[in-house]
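Residues per chain, in single letters:
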Amino acid sequence: MNKVKFGKGEKPTSRSEQWKQIFKEHYAEIISASLYTFVFWIPLFAWVLFAFNFEIFQENSILNVLVLYSGIALTLIIAGLGLAGGFYVFRKFLWNEGCNVHLDFFKGIKQNGKQFAQIYLFIGIMYLLLHVVSQAIMVTEWSDISIIAFLAIEYVVFICLLIVAFFMQTQTIFYENSFKQSFKNGIRFLVGTVLKSLGLFVVLFLPFILYEFVPNGTVKLIAILISAIIYFGILELTFMCHSLELFDKYINKKQHPDYYLKGLDKVEKVDF
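Bear in mind that the values here come from a model prediction, so they are computed numbers and not experimental data.

(A) The arrangement of the overall build of the protein chain in detail. Each helix and strand counted, the protein chain has 9 helices and 0 strands in total. Tracing the protein chain from N to C terminus, the helices and strands come up as α-α-α-α-α-α-α-α-α. Each of the 272 residues in the protein chain was classed as buried or not, and the buried ones make up 51%. Considering only residue pairs separated by 6 or more positions, the protein chain has 74% of its internal contacts joining residues 24 or more positions apart. Accessible surface computed for the protein chain: about 13,600 Å², of which carbon and sulfur atoms make up 67%.

Have a look at this one:
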């Protein structure tokens, strides 16, 4: 199979321009990457659909929460392998290296699967703790306002850590950092771009937000189907563009000059 080169002519001069051109010219590859990624999320979605339709899990209890979200934490590890492949595919596109989605997706898993498994185990444990603590708080004698305030703080912390985890994933694609170093860098990127990153999160993670906060089985199923068709590809491409903008500015320019603005015309413009 032939590798797909980025663009039909001149290289773009910014990541936002690059995003638009890839979306316009390679939407078929975006859908392919999305479908491949979705396959690795099937165990998680199957567990969720089973659990939420199984009578024993309808009762709110610490034990049920532990079983349900422990299953999610474990299947998230498999799901993370799909992101390892997808992010690697879009690294190839963004660096204009030529890409064969059907081969490079699995090459990305081979190269980065171990690190992504660790990151998604971390995400799964965070998600499990979020719901266990939330369930414990719900049965206290705290006032409604106190409970709502505590839950809100919990979700804000979780979302911030989730964004940090995504910066860890994109760092893994480009650099050989330790888990600790990637985590520290992820916090720096979040703090330095908190409004932009949170705004991007709301858009990119809309299916997750719908799943988490809308207690309707049909809505949950729609969110899953959207994920299968194109969502994962858009997520991977967009977050890689966002990350590369930051990496070019804060890491590559001094520490990795060979990476700096790679895939773009060498014009100092990164405005994604």
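(B) Region of interest: the packing of aromatic side chains. Counted according to the given criterion, the structure contains 33 aromatic pairs. Between Phe166 and Phe205 the ring centres are 5.0 Å apart and the planes differ by 90 degrees, which places this aromatic pair in the edge-to-face class. Linking Phe166 in helix H5 (residues 144-174) with Phe205 in the loop between helix H7 (194-204) and helix H8 (206-213), this pair joins segments that are 39 residues apart in sequence. In this structure Phe166 comes out as buried when scored by relative accessible area, which is 4%. Aromatic side chains Tyr175 and Phe247 sit 5.6 Å apart centroid to centroid with 65 degrees between the ring planes, which places their arrangement in the edge-to-face category. Of this pair, Tyr175 sits in the loop between H5 and helix H6 (179-192) while Phe247 sits in helix H9 (residues 217-255), placing them 72 residues apart in sequence.

(C) Broad picture of the pattern of salt bridges. If you walk through the whole model with that rule in mind, you get 5 salt bridges. A salt bridge links Arg15 to Asp248; the nearest nitrogen and oxygen atoms lie 3.0 Å apart. In this pair, Arg15 sits in helix H1 (residues 15-25) while Asp248 sits in helix H9, placing the two residues 233 residues apart along the sequence. The residues Arg15 and Asp248 share a single accessibility class, namely buried. Linking Arg91 and Glu97 is a salt bridge whose minimum nitrogen-to-oxygen distance equals 2.9 Å. Under the relative-accessibility criterion, Glu97 is labelled partly exposed at 25%. One continuous salt-bridge network, built from bridges that share partners, spans Arg91, Lys92, Glu97 and Lys262.

(D) Just a nonpolar patch on the surface, in detail. Residues Leu121, Ile125, Leu129 and Val133 make up a contiguous nonpolar surface patch of about 310 Å² in total accessible area. Relative to the helices and strands, Leu129 resides in helix H4 (residues 101-138).

(E) Structural view of empty space enclosed by the protein. On inspection of all chains with the given rule, the structure shows 1 cavity of 30 Å³ or more. Lining the largest cavity are 24 residues, and of these Trp41, Leu44, Phe45, Leu76 and Phe208 sit closest to its centre. Mapped by element, the contributors of at least two residues to the lining of the largest cavity are helix H2 (27-52), helix H3 (62-94), H4, H5, H8 and H9. Here the lining of the largest cavity gets 7 residues from one element, more than from any other, and that element is H9. Of the residues that constitute the lining of the largest cavity, the class distribution is 22 nonpolar, 1 polar and 1 charged.

(F) Broad picture of the packing of H2 against H3. Where H2 contacts H3, the axes come no closer than 9 Å and their chain directions differ by 180 degrees. With respect to H3, the element H2 is oriented roughly antiparallel.

(G) Quick peek at the nonpolar core. Among the nonpolar cores identified, the biggest contains 71 residues, and Trp41, Ile72 and Tyr120 are the most heavily contacted of them. Counting residues per element, the ones that place at least two in this core are H2, H3, H4, H5, H6, H7 and H9. With 14 residues, the single largest contributor to this core is H3. Residues contacting Trp41, with those up to four places away along its chain left out, are Leu76, Ala79, Leu83, Tyr120 and Phe232.

(H) Broad picture of the side chain of Gln171. If you trace the backbone, Gln171 turns up in helix H5. Apart from residues no more than four positions distant in its own chain, Gln171 is found in contact with Asn177, Gln181, Ser182, Asn185, Gly186, Phe189 and Phe247.

(I) How the structure looks around the layout of surface pockets. Put simply, the second largest pocket is a space of about 200 Å³. Lining of the second largest pocket is provided by Tyr175, Asn177, Asn185, Arg188, Phe189, Gly192, Thr193, Tyr250, Ile251, Gln255 and His256. Ranked by the residues each element gives to the lining of the second largest pocket, the list is headed by H6, at 4 residues. Counted by class, the lining of the second largest pocket contains 4 nonpolar, 6 polar and 1 charged residues.

Conventions used here
- Residues numbered from 1 in each chain as written.
- Predicted model: local features only at pLDDT ≥ 70, side-chain atom pairs only at ≥ 80, totals over all residues.
- Heavy atoms only, no water.
- Helix = DSSP H or I, 4+ residues; strand = E, 2+ residues; numbered from the N terminus.
- Buried < 20%, exposed > 50% of the residue type's maximum accessible area, 1.4 Å probe, protein only.
- Contact = heavy atoms within 4.5 Å.
- Areas by Shrake-Rupley, 256 points an atom, 1.4 Å probe, with all protein chains shown as cover.
- Phe/Tyr/Trp six-rings, centres within 6.5 Å; stacked < 30°, edge-to-face > 60°.
- Salt bridge = Lys/Arg side-chain N within 4 Å of Asp/Glu carboxyl O.
- Patch = residues over 30% accessible without salt bridge, like charges linked within 9 Å, V, L, I, M, F, W, Y side chains within 5 Å.
- 1 Å grid on protein atoms, 1.4 Å probe; cavity = no way out; pocket = protein on both sides within 12 Å on 5 of 7 lines; lining within 4 Å.
- Points joined across faces, edges and corners; volume = space filled by probe spheres on them.
- Nonpolar A, V, L, I, M, F, W, Y, C, P; charged D, E, K, R; others polar.
- Axes fitted to C-alpha atoms, helices over the stretch in contact; angles between N-to-C directions.
- Parallel < 35°, antiparallel > 145°, perpendicular 65-115°, else oblique.
- Core = buried A, V, L, I, M, F, W, Y, C linked by side-chain atoms within 4.5 Å.

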